[in-house]
Amino acid sequence: MLAAPFHDEGHGYDVFGLRPETLARALAVGRVLHDSYFRVSSHGIEHVPASGPTIVIANHGGILPIDAAMLCVDLLLRTDPPRIPRALADHFVASLPVVGTLFARLGVVMGTRGNARRLLERGELLAIWPEGVTGPAKPFSHRYELQGWRTGFAELALRHHAKVVPAAIVGAEESWPMLAKIRRVRALHIPYLPIPATPLPLPAHFYIRYGTPLELAGDPEDPAAVDQAALVARIAVEDVLAEARRERTSVWR
């Protein structure tokens, strides 16, 4: 069982479907991938608050959300005391057969404002990728360049006085690049179907770096203030990402 606390709504599940026993089993597999396959190097975990409403935001890339999985595994393994990251997913994820239910058991939550509000009100740790699907959809030539940037996380942080931790994930873009994509896959309700360049992800060395927490300022009811707060956070992620890429380059020399 996981040592991290969770809000049991009865029968071992929380209101969103999280089941710690399922998460613990998945973590056993995820730890092997984290430690031995992708050999994740993680720095700055001390910047993630031990308690209270917290939002970790990071860049996004690669075919499938392996970068998201490795970030969540890293947070589970390295936070002290352990905190369960609640990854916010795009709406189509919940409708995927089998996958939607499995993700819910692992703590993934559909990214609605109401769901995020409830989690932050009870002091949980959210993991958000503001690029959404535009991150993984970018061509390899634009790897590690932030794409579309949603601002909802900034409004949530301002409204709930949540700390925002900028994070960078390096390695996913080289691990599983996209060869092509098929658009308008209506049957699965997904924006596109990726065609990977390799059948399985390559064992690229992943680097995860957490930056100094941000205390965003502004009126959550003012769209201009929300946009400005989101821009401040984007710049912070870009800075941490540049630092992580420099660090990886220096190791390879």
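Each remark here, short or long, concerns the structure printed above.
Residues numbered from 1 in each chain as written. Predicted model: local features only at pLDDT ≥ 70, side-chain atom pairs only at ≥ 80, totals over all residues. Heavy atoms only, no water.

Colleague: Would you mind going over the pattern of salt bridges in detail, with residue names and values included?
Modeller: This model, assessed by the stated rule, comprises 17 salt bridges. In this structure, the salt-bridge partner of Arg 122 is Asp 14, at a minimum N-O distance of 3.2 Å. Taken together, the positions of Arg 122 in the loop between α5 (113-121) and β5 (125-128) and Asp 14 in the segment before α1 (20-37) put the pair 108 residues apart, joining distant regions of the chain. Judged by relative accessible area, Arg 122 falls into the buried class, the value being 18%. Close ionic contact of Arg 150 with Asp 90 constitutes a salt bridge, the shortest N to O distance being 2.9 Å. One end of the pair, Arg 150, is in the loop between α6 (134-137) and α7 (152-160); the other, Asp 90, is in the loop between β3 (85-89) and α3 (91-94), with 60 residues separating them in the sequence. Under the relative-accessibility criterion, Arg 150 is labelled partly exposed at 44%. Each of Asp 14, Arg 86, Arg 122 and Glu 124 takes part in salt bridges that share partners, so that together they form one network. (Salt bridge = Lys/Arg side-chain N within 4 Å of Asp/Glu carboxyl O. Helix = DSSP H or I, 4+ residues; strand = E, 2+ residues; numbered from the N terminus. Buried < 20%, exposed > 50% of the residue type's maximum accessible area, 1.4 Å probe, protein only.)

Colleague: Break down the nonpolar core for me, with residues and values.
Modeller: Formed by 39 residues in total, the largest nonpolar core has its most connected members in Leu 71, Trp 129, Phe 206 and Tyr 210. Mapped onto this core, the elements with two or more residues apiece are α1, β2 (54-58), α2 (66-78), β3, β5, β6 (163-170) and β9 (207-210). Beyond its immediate stretch of four places on either side in the chain, Tyr 210 contacts Ser 42, His 43, Gly 44, Ile 45, His 47, Val 48, Leu 71, Asp 74, Leu 75, Val 165, Pro 166 and Ala 167. Counting residues in each nonpolar core, the second largest holds 34 residues, with Phe 16, Phe 153, Leu 158 and Val 164 among its members. (Core = buried A, V, L, I, M, F, W, Y, C linked by side-chain atoms within 4.5 Å. Contact = heavy atoms within 4.5 Å.)

Colleague: Explain the packing of α5 against α7 to me, using residue names and the numbers behind them.
Modeller: Close contact between α5 and α7 brings their axes to 11 Å; oriented N to C, the two are set at 35 degrees. Along this stretch, α5 crosses α7, giving a crossing that reads as right-handed. Touching Arg 113, Ala 116, Arg 117, Leu 120 and Glu 121 of α5 are Glu 155, Leu 156 and His 160, all from α7. Looking at the contact of α5 with α7, its residues break down into three nonpolar, one polar and four charged. (Axes fitted to C-alpha atoms, helices over the stretch in contact; angles between N-to-C directions. Left-handed = near helix turned anticlockwise from the far one by under 90°. Nonpolar A, V, L, I, M, F, W, Y, C, P; charged D, E, K, R; others polar.)

Colleague: Provide a residue-level description of the packing of aromatic side chains, including the pertinent values.
Modeller: Per the stated rule, a full pass over the model turns up three aromatic pairs. Centre to centre, the rings of Tyr 37 and Phe 38 are 5.0 Å apart; their planes meet at 90 degrees, and the pair counts as edge-to-face. The partly exposed category is assigned to Tyr 37, whose relative accessible area is 32%. Geometrically, the ring pair formed by Phe 38 and Phe 206 is tilted, given 4.5 Å between the ring centres and 40 degrees between the ring planes. Taken together, the residues Phe 38 in the loop between α1 and β1 (41-43) and Phe 206 in the loop between β8 (190-196) and β9 connect sequence positions 168 residues apart. (Phe/Tyr/Trp six-rings, centres within 6.5 Å; stacked < 30°, edge-to-face > 60°.)

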